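As a plain string of letters, each chain reads:
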Amino acid sequence: MESLLGLALLVLLIWLGVRKSRASDTNGALSDSSFRDQIESSIQRDHGPASTSSGHLRPLKGKTNADHRPPAPTGQGQGAWSPRTHQLEVAGEWYRAADLRRLFSRHAKLSEDGAEIRLPAVLVPDPSNPHDNNAVAVFVDDLHVGYMERPDAERYHQHIAALPGGELVVASRQWLRAAGRETWARVTLSLPDPEHLACPNLFDADCVMLPPGSTIQVTKEEQYLEHLVDLLDRYGTEMVVAASLRSATEVRPRSTVDLVAVDIDGQQVGVLSATQTANFLPLVKRAEAEGRRIFCRASLRGNTLKADVALHARKAHELDEAELRVVFAFRADG
């Protein structure tokens, strides 16, 4: 009997050890993919269908603040580089009730039930603000709807001011409910951390820059590990950098295959699979026909043993003709 109990205890301990090992492996896999999952969810939140929830609207008292006017947007602002965003609330809407009502009158119907719109917001540093020289004004459709909250403005002011054009364009959602003269509203911004507003590495001024999109895994990175380790030392892990795409031909024993090669800082880091090559090669070919290089966002992860590269870009079939015209008209130098 004692031997049977001992055997049963041994089997139980082995079973528990196997379960723990599998859980550890699963958690590690989730950790490895979490960076890309966060980017996917950020893109879906910022660019996907509008939410039907208005969140917690704040009552606006209809106050005015005519003592100071922030600098208006110049139209030279650019979008944030990293698509890995989080949400920040706008403060000071209570001074901007008239402008918020005007905004919703242009784009939605004012109602007691409330409405939600999603228009880009332009963030403009306001160093002459008498209350806070780190202030960052928020404009939507050229209407001043509030300011970044003071702790956020302190973190972001200098980073935004250092961008080309000195302004930042971000995804934003606006909610408003109006009942007679009473107004409730909320404005939310989506943007990455301050150090990720600008691209950390250089790309051609006269290039084709693809907008952010779904995550595409690069293959055969193990063949370029030395360069990838150098990149990780240079930029750090979980960083979004600029990668260029070019057409390439792979010679096989009995055939040749067209592929899209992926370069970062002028050296190859991998290739796209045959399926993903079909999704991007038309864009690459068009850019090359114009004598231009095509770039997109790419995330770096890993260490000296294994490195991972994933692109975040819209595919050829996901761009309509109007979007293609905008993409191929892009000039980084203005």
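Preceding block: the structure.
As the structure is a computational prediction, the values presented were derived from the model and not from experiment.

A.B. asks: Is there a simple way to think about helix α4 (residues 225-235) in this case?
C.D. replies: Because an α-helix completes one turn every 3.6 residues, residues spaced three or four positions apart along the sequence face the same direction. By the burial criterion, the buried members of α4 are H227, L228, V229, L231, L232 and Y235. Along its buried surface, α4 packs onto β12 (239-251), β13 (256-264), β14 (267-271), β15 (293-302) and β16 (307-312). Downstream of α4 by one or two residues, G236 has phi in the positive range, about 90 degrees.

A.B. asks: Help me understand the pattern of salt bridges, please; the structure alone is not making it clear to me.
C.D. replies: Any two side chains of opposite charge can pair, on the condition that their charged atoms come close. For the coordinates displayed, the defined rule picks out 18 salt bridges. Among the ionic pairs, D99 bridges to R96, the shortest N-O distance being 2.7 Å. No difference in accessibility class separates D99 from R96, as the two residues are buried. When the shortest N-O distance is used, the salt bridge between R252 and E250 registers 2.7 Å. Within this structure, D206, R286, E290 and R292 form a network of salt bridges that share partners.

A.B. asks: Is there a simple way to explain the packing of aromatic side chains in this structure?
C.D. replies: In this description, an aromatic ring pair is defined by two values, namely the gap between the centres and the angle between the planes. Scanning all chains against the criterion turns up 2 aromatic pairs. With 5.9 Å between their ring centres and 15 degrees between their planes, W81 and F203 make a pair best called stacked. Placement of the pair is W81 in the loop between β2 (78-79) and β3 (86-91) and F203 in the loop between β9 (182-191) and β10 (207-209), with a sequence separation of 122 residues. The class of F203 is partly exposed, set by a relative accessible area of 26%. On the basis of an interplanar angle of 50 degrees and a centroid distance of 6.0 Å, the ring pair of F203 and F295 is categorised as tilted. Placement of F203 in the loop between β9 and β10 and of F295 in strand β15 is noted, with a sequence separation of 92 residues between them. One Lys or Arg, R286, reaches over the ring of F328 and ends 4.0 Å from the middle of that ring.

A.B. asks: Help me understand the side chain of R292 in this model?
C.D. replies: By the element assignment, R292 lies in the loop between α5 (274-289) and β15. Here R292 falls in the buried class, since its relative accessible area comes to 5%. Engagement of the side chain of R292 in a polar contact is seen with the backbone oxygen of C207, the distance being 2.5 Å. In terms of polar contacts, R292 uses its side chain to reach the backbone carbonyl oxygen of F328, at 2.6 Å. Setting aside anything within four residues of it in sequence, one finds R292 in contact with D206, C207, V208, A287, F328, F330 and R331.

A.B. asks: What exactly am I supposed to notice about the nonpolar core here?
C.D. replies: Core analysis: the largest hydrophobic core is formed by 35 residues, its most contacted members being L210, L245, L283, L300 and L311. At the level of elements, α4, β12, β13, α5, β15, β16 and α6 (321-328) are the ones that each hand at least two residues to this core. No other element matches the 5 residues that α5 contributes to this core. Apart from residues lying up to four places away in sequence, L311 is in contact with S214, T215, I216, V218, A243, L245, V262, L272, C296, R297 and A298.

A.B. asks: What should I look at first to understand the state of the cysteines in this one?
C.D. replies: Each disulfide consists of a covalent bond between the sulfur atoms of two cysteine residues. This model, assessed by the stated rule, comprises 0 disulfides. The structure places no disulfide on C199, whose sulfur is separated from the nearest cysteine sulfur, that of C207, by 9.7 Å.

A.B. asks: What exactly am I supposed to notice about the environment of L119 here?
C.D. replies: Looking at where L119 falls in the secondary structure, it is placed in the loop between β4 (115-117) and β5 (121-125). Those residues within four positions of L119 in sequence are excluded, and the remaining contacts are L103, H107, V140, S172 and Q174.

A.B. asks: Looking at this model, I keep getting lost on the pairing of β3. Mind explaining?
C.D. replies: When β3 meets β9, the two strands line up antiparallel, connected through 4 bridges. Looking at β9, one finds that Q87 is bridged to S190. Bridge count for β3 against strand β7 (residues 143-148) is 2 bridges, and the pairing is antiparallel. Directly across from V90, in β7, lies its bridge partner M148.

A.B. asks: How should I be thinking about unusual backbone geometry in this particular structure?
C.D. replies: Across the chain, the bulk of peptide bonds are trans and the bulk of non-glycine residues have phi less than zero. The backbone of E238 sits at a positive phi, close to 55 degrees, despite the residue not being glycine. On the secondary structure map, E238 appears in the loop between α4 and β12. Taking the relative accessible area as the measure of exposure, E238 reaches 27% and is therefore partly exposed. One non-glycine residue, D265, lies in the positive phi region at around 55 degrees. If you trace the backbone, D265 turns up in the loop between β13 and β14. Given the relative accessible area of 30%, D265 is considered partly exposed.

A.B. asks: Help me out: how do you make sense of the pairing of β12 in this one?
C.D. replies: Every other side chain in a regular strand lies on the same face of the sheet, so the side chains alternate between the two faces. With 7 bridges connecting them, β12 and β15 associate as antiparallel partners. Considered in β15, the bridge of V240 is made with S299. As defined by bridge partners, β12 adjoins β13 across 8 bridges and the pair is classed as antiparallel. Across the sheet, V251 pairs through a bridge with T256, a residue of β13. Taking the residues between adjacent antiparallel strands as the criterion, β12 and β13 are bridged by 4 residues.

What counts and what doesn't
- Residues numbered from 1 in each chain as written.
- Predicted model: local features only at pLDDT ≥ 70, side-chain atom pairs only at ≥ 80, totals over all residues.
- Heavy atoms only, no water.
- Buried < 20%, exposed > 50% of the residue type's maximum accessible area, 1.4 Å probe, protein only.
- Helix = DSSP H or I, 4+ residues; strand = E, 2+ residues; numbered from the N terminus.
- Contact = heavy atoms within 4.5 Å.
- Salt bridge = Lys/Arg side-chain N within 4 Å of Asp/Glu carboxyl O.
- Phe/Tyr/Trp six-rings, centres within 6.5 Å; stacked < 30°, edge-to-face > 60°.
- Lys NZ or Arg CZ within 6 Å of the ring centre and 35° of its normal.
- Polar contact = N/O pair within 3.5 Å; in protein donor to acceptor, adjacent residues only side chain to side chain.
- Core = buried A, V, L, I, M, F, W, Y, C linked by side-chain atoms within 4.5 Å.
- Disulfide = S-S within 2.5 Å.
- Pairing = 2+ DSSP bridges.

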